[in-house]
Amino acid sequence: MTVYRDPAEVPADFGPSVVAIGKFDGVHSGHRAVIDRARVDAAARGARVVAVTFDRNPLSLLRPELCPEPLVALDQKIGLLAAAGVDAVLVLRFDAELAALSARDFVESILVRALGAVGVLVGDDFRFGRGGEGDPEVLAALGREHGFDVDVVTDVRARDAGRRVSSTWVRDLLAAGDVAGAARLLGRPHAVAAEVVHGLKRGRELGYPTANLATDAAGFIPADGVYAGWLVDLGMPGADGAMPASVIRYPAAISVGTNPTFDDVPQRQVEAYVLDETDLDLYGHRVEVRFTARIRGMVAFAGIPALIEQMDDDVVRVREALA
């Protein structure tokens, strides 16, 4: 998959393309429904599939007080769009200049001249152009003028809840610790990624050495608690910054919180104990922690023996959850 960071980077002979536009925060099942329809349309037209997205949530500039925490970082989003099967991603820098672009100028400069769009897919709540002046109806009118079709994709709804699948719903579930519910909407386990750093090494002293993630982890961190999941070792960057091609996945017990028993961790921390591994050296490695089930909430224990007893039980329950 090719990633363009500016419309000027797109080759002059790039088109034709079928374009899906959106924030794609989390690339959940609703987003993939749009992309899947774009792929079918593109195959019929002999066109490329392009996802047009933004480097940040537009609300961070337009209404920062209403801007939610993103589900995934930009590099995670790009990787998920690649996995969804798009041929190229155009990441638009959402700044004052882009916000001031009229709906017509947005269409003509990005969809027509840069991408050679023959089809455009958006959600029914899509807005674009200065002050949100453009909507699907405006887009369709501009499409008729410039020779591309517009397909408005209706909501994907969860069969059991009858609720629209959205990034907001996923975020709410994660904030409540319901990682299994979030995974059903995402179509995969939710994950955070970061470099493994040195911590207090208290887990090693207790018999459960953990990989501590840096506090700038990419991705929305679920509610405090203990989880079953997987630690994926992405490796250590080479001298050129490139990551190794192969990855290794380990079953893991994951802790999120501030370690209330000892009360000496100032920031929320994600750490993962790889089951049955006591000498695994991951310092400096980039890892992804994937959450599959919540085992319990985070509590303070009266002493170390009670904490170790609970950790023993946590590991048993993690094994059962991952079996």
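About the criteria used
- Residues numbered from 1 in each chain as written.
- Predicted model: local features only at pLDDT ≥ 70, side-chain atom pairs only at ≥ 80, totals over all residues.
- Heavy atoms only, no water.
- Pairing = 2+ DSSP bridges.
- Helix = DSSP H or I, 4+ residues; strand = E, 2+ residues; numbered from the N terminus.
- Axes fitted to C-alpha atoms, helices over the stretch in contact; angles between N-to-C directions.
- Contact = heavy atoms within 4.5 Å.
- Phe/Tyr/Trp six-rings, centres within 6.5 Å; stacked < 30°, edge-to-face > 60°.
- Buried < 20%, exposed > 50% of the residue type's maximum accessible area, 1.4 Å probe, protein only.
- Lys NZ or Arg CZ within 6 Å of the ring centre and 35° of its normal.
- Polar contact = N/O pair within 3.5 Å; in protein donor to acceptor, adjacent residues only side chain to side chain.
- pLDDT = per-residue confidence, 0-100.
- 1 Å grid on protein atoms, 1.4 Å probe; cavity = no way out; pocket = protein on both sides within 12 Å on 5 of 7 lines; lining within 4 Å.
- Points joined across faces, edges and corners; volume = space filled by probe spheres on them.
- Nonpolar A, V, L, I, M, F, W, Y, C, P; charged D, E, K, R; others polar.
- Parallel < 35°, antiparallel > 145°, perpendicular 65-115°, else oblique.
- Left-handed = near helix turned anticlockwise from the far one by under 90°.
- Core = buried A, V, L, I, M, F, W, Y, C linked by side-chain atoms within 4.5 Å.

Participant: Is there a simple way to explain the sheet that holds strand S1 (residues 2–4) in this structure?
Facilitator: Where strands meet in a sheet, backbone hydrogen bonds hold them as pairs that are either parallel or antiparallel. If you walk across this open sheet you meet the six strands as S1-S4-S3-S2-S5-S6, and the pairing is parallel. For this open sheet the edge positions go to S1 and strand S6 (149–153), each flanked by a neighbour on one side alone. Put simply, the sheet's adjacent strands are angled 20 degrees from each other on average, direction ignored. One ladder, built from four bridges, connects strand S2 (residues 17–21) with strand S5 (residues 117–123); its direction is parallel. Residue Val18 lies in a different strand from S5, and its bridge partner there is Gly119. Across the face of the sheet, helix H3 (residues 74–84) comes into contact with S1, strand S3 (48–54) and strand S4 (88–92) while running at roughly 160 degrees to S3.

Participant: Got a minute to help me understand the packing of aromatic side chains in this structure?
Facilitator: The geometry of an aromatic ring pair comes down to the distance between the two centres and the angle between the two planes. In total, this model carries six aromatic pairs according to the counting rule given. When the ring of Tyr4 is compared with that of Phe14, the centres are 5.8 Å apart and the planes differ by 90 degrees; the resulting orientation is edge-to-face. With Tyr4 in strand S1 and Phe14 in the loop between S1 and S2, the pair connects residues that are ten residues apart, well separated along the chain. What makes Phe14 buried here is its relative accessible area of 4%. Measuring from ring centre to ring centre gives 5.2 Å for Phe126 and Phe128, while their planes differ by 15 degrees; the resulting arrangement is stacked. Neither Phe126 nor Phe128 differs from the other in exposure class; each is buried. When the ring centre of Phe14 is taken as reference, the NZ or CZ atom of Arg48 above it lies at 4.6 Å. The side chain of Arg249 reaches across the aromatic face of Trp230, ending 3.6 Å from its centre.

Participant: Please clarify how the side chain of His31 should be interpreted in this entry.
Facilitator: With respect to the helices, strands and loops of the structure, His31 is situated in helix H1 (residues 29–45). Here the side chain of His31 touches Val27 through a polar contact of 3.4 Å, landing on its backbone nitrogen.

Participant: Can you help me understand the confidence of the model for the protein in this one?
Facilitator: The predicted coordinates should not be examined in detail at positions where pLDDT is low. Summarising the model, the protein shows a mean pLDDT of 90, and 93% of its residues fall at 70 or more. When pLDDT is averaged over each helix and strand of the protein, the minimum, 68, is found for helix H9 (residues 202–205) and the maximum, 97, for S4.

Participant: Before we go on, may I ask you to explain the sheet that holds strand S10 (residues 248–257) in this structure?
Facilitator: The antiparallel closed barrel is built from six strands, whose spatial order is S7-S8-S11-S10-S9-S12. For this sheet, the mean inter-axis angle between neighbouring strands, taken without regard to orientation, is 45 degrees. Of the pairings in the sheet, the one linking S10 to strand S11 (residues 269–274) comprises six bridges and is antiparallel in character. By the bridge assignment, Ser255 is partnered in S11 with Glu271.

Participant: Help me understand the layout of surface pockets, please; the structure alone is not making it clear to me.
Facilitator: Here the idea is plain: a probe the size of a water molecule rolls over the atoms and shows the empty space left. Put simply, the largest pocket is a space of about 1100 Å³. Around the largest pocket sit 42 residues that line it, and Gly22, Lys23, Asp125, Phe126 and Arg127 are the ones nearest its centre. Here the residues of the lining of the largest pocket sort into 20 nonpolar, 13 polar and nine charged.

Participant: Would you take a moment to explain the side chain of Glu271 for this structure?
Facilitator: Note on placement: Glu271 falls in strand S11. Only 2.7 Å separates the side chain of Glu271 from the side chain of Thr210, close enough to count as a polar contact. Each residue touching Glu271, except ones within four places of it in the same chain, is listed here: Thr210, Ala211, Asn212, Ala253, Ile254 and Ser255.

Participant: Whenever I open this one, the packing of helix H5 (residues 103–114) against helix H6 (residues 136–146) confuses me. Can you help?
Facilitator: Between two packed helices, both the angle of their axes relative to each other and the distance between the axes serve to describe the pair. Interhelical geometry of H5 versus H6 gives an angle of 50 degrees and a closest axis separation of 11 Å. Classified by the angle their axes make, H5 and H6 are oblique. Once H5 is placed against H6, the crossing between them reads as right-handed. Counted together, Ala103, Arg104, Val107, Glu108, Leu111 and Val112 of H5 and Val138, Leu139, Leu142, Glu145 and His146 of H6 form the full contact between these two elements. Among the residues making up the contact of H5 with H6, the classes are represented as seven nonpolar, one polar and three charged.

Participant: Can you help me understand the nonpolar core in this one?
Facilitator: The nonpolar side chains of soluble globular proteins are, as a tendency, buried together. Membership of the largest hydrophobic core comes to 55 residues, with the highest contact counts inside it found for Leu81, Leu231, Ile254, Val270 and Phe291. Apart from the residues within four sequence positions on either side, Val270 is in contact with Val192, Ala211, Asn212, Leu213, Ile221, Ile254, Ser255, Val256 and Phe291. By size, the runner-up hydrophobic cluster in this structure holds 29 residues, among which are Leu90, Phe94, Ala114 and Ala117.

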